Amino acid sequence: MTPDQVKTFAHQANVYACQACLKLEDWQGTRDQKFAELVEAETLRRATEPDLTQLTERGATAWDGVDPQKLRERGVL
């Protein structure tokens, strides 16, 4: 290889390495964005869930299909 070919080869390798780093940064940014969206969605989902820890025997009968005894056995009440 001539010195010019080595320089060209080294330059091309450097270009490929830079492109790979940019793609990695793009991927990491996308990953971080998607993770943030999932966390936000889970937070919103939990905010809309009913709080069963305060459910009483009388209140449980108002909920169709909720058995207060089973909730107590699972440690919710």
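Throughout, residues of each chain are indexed from 1 in the direction in which the sequence is written. It should be noted that, the model being predicted, local features are given only for residues of pLDDT at least 70 and side-chain atom pairs only at 80 or more, the latter also being counted only at that level, while totals for whole chains, interfaces and linings use all residues. For the side-chain quantities, the full set of heavy atoms in the structure was used; hydrogens and water were omitted.

Participant: For this particular structure, what's the right way to read the overall build of the protein chain?
Facilitator: Numbering of helices and strands runs from the N terminus, with a helix taken as a DSSP run of H or I at least four residues long and a strand as a DSSP run of E at least two residues long. Scanning the protein chain for helices and strands turns up 3 helices and 0 strands. Along the protein chain, helices (α) and strands (β) appear in the sequence α-α-α when read from the amino end. The proportion of buried residues among the 77 residues of the protein chain is 5%. Carbon and sulfur atoms form 58% of the exposed surface of the protein chain, whose accessible area is close to 6,900 Å². Remark: exposure states derive from per-residue accessible area (1.4 Å probe, protein chains only) relative to the maximum for the residue type, with buried under 20%, exposed over 50%, and partly exposed in between. Where accessible areas are quoted, they stem from the Shrake-Rupley method and a 1.4 Å probe; at the residue level, only the protein chains shown are allowed to cover.

Participant: Looking at this model, I keep getting lost on the pattern of salt bridges. Mind explaining?
Facilitator: Pairing between side chains becomes possible if they bear opposite charge and their charged atoms approach one another. For this document, the term salt bridge refers to a Lys or Arg side-chain nitrogen within 4 Å of an Asp or Glu carboxyl oxygen. Here the structure, examined in full by the defined rule, presents 4 salt bridges. Across the pair Lys34 and Glu37 runs a salt bridge, and its minimum N-O distance is 3.7 Å. With Lys34 and Glu37 both in helix α1 (residues 3-48) and 3 residues apart, the pair spans about one turn of that helix. On the accessibility criterion, Lys34 (47% relative accessible area) is partly exposed. Accessibility expressed as a relative area gives 37% for Glu37, which makes it partly exposed. Two residues, Arg45 and Glu42, come together in a salt bridge whose shortest N-O distance is 2.6 Å.

Participant: Help me understand the confidence of the model for the protein chain in this model?
Facilitator: Residue-level pLDDT values for the protein chain average 76, and 77% of them are 70 or greater. Scored from 0 to 100, pLDDT records how confident the predictor is in each individual residue. Predicted confidence in the protein chain is weakest over helix α2 (residues 57-62), with a mean pLDDT of 57, and strongest over α1, with 83.

Participant: I'm lost on a nonpolar patch on the surface in this one. Help?
Facilitator: Judged by side-chain polarity, Met1, Val6 and Phe9 come together as a nonpolar surface patch covering roughly 380 Å² of accessible area. Tracing the backbone through its elements, the reader meets Met1 in the segment before α1. Looking at Met1, the relative accessible area reads 75%, which means it is exposed. Nonpolar side chains (Val, Leu, Ile, Met, Phe, Trp, Tyr) within 5 Å and like charges within 9 Å form the patches, drawn only from residues with over 30% relative accessible area and no salt bridge.

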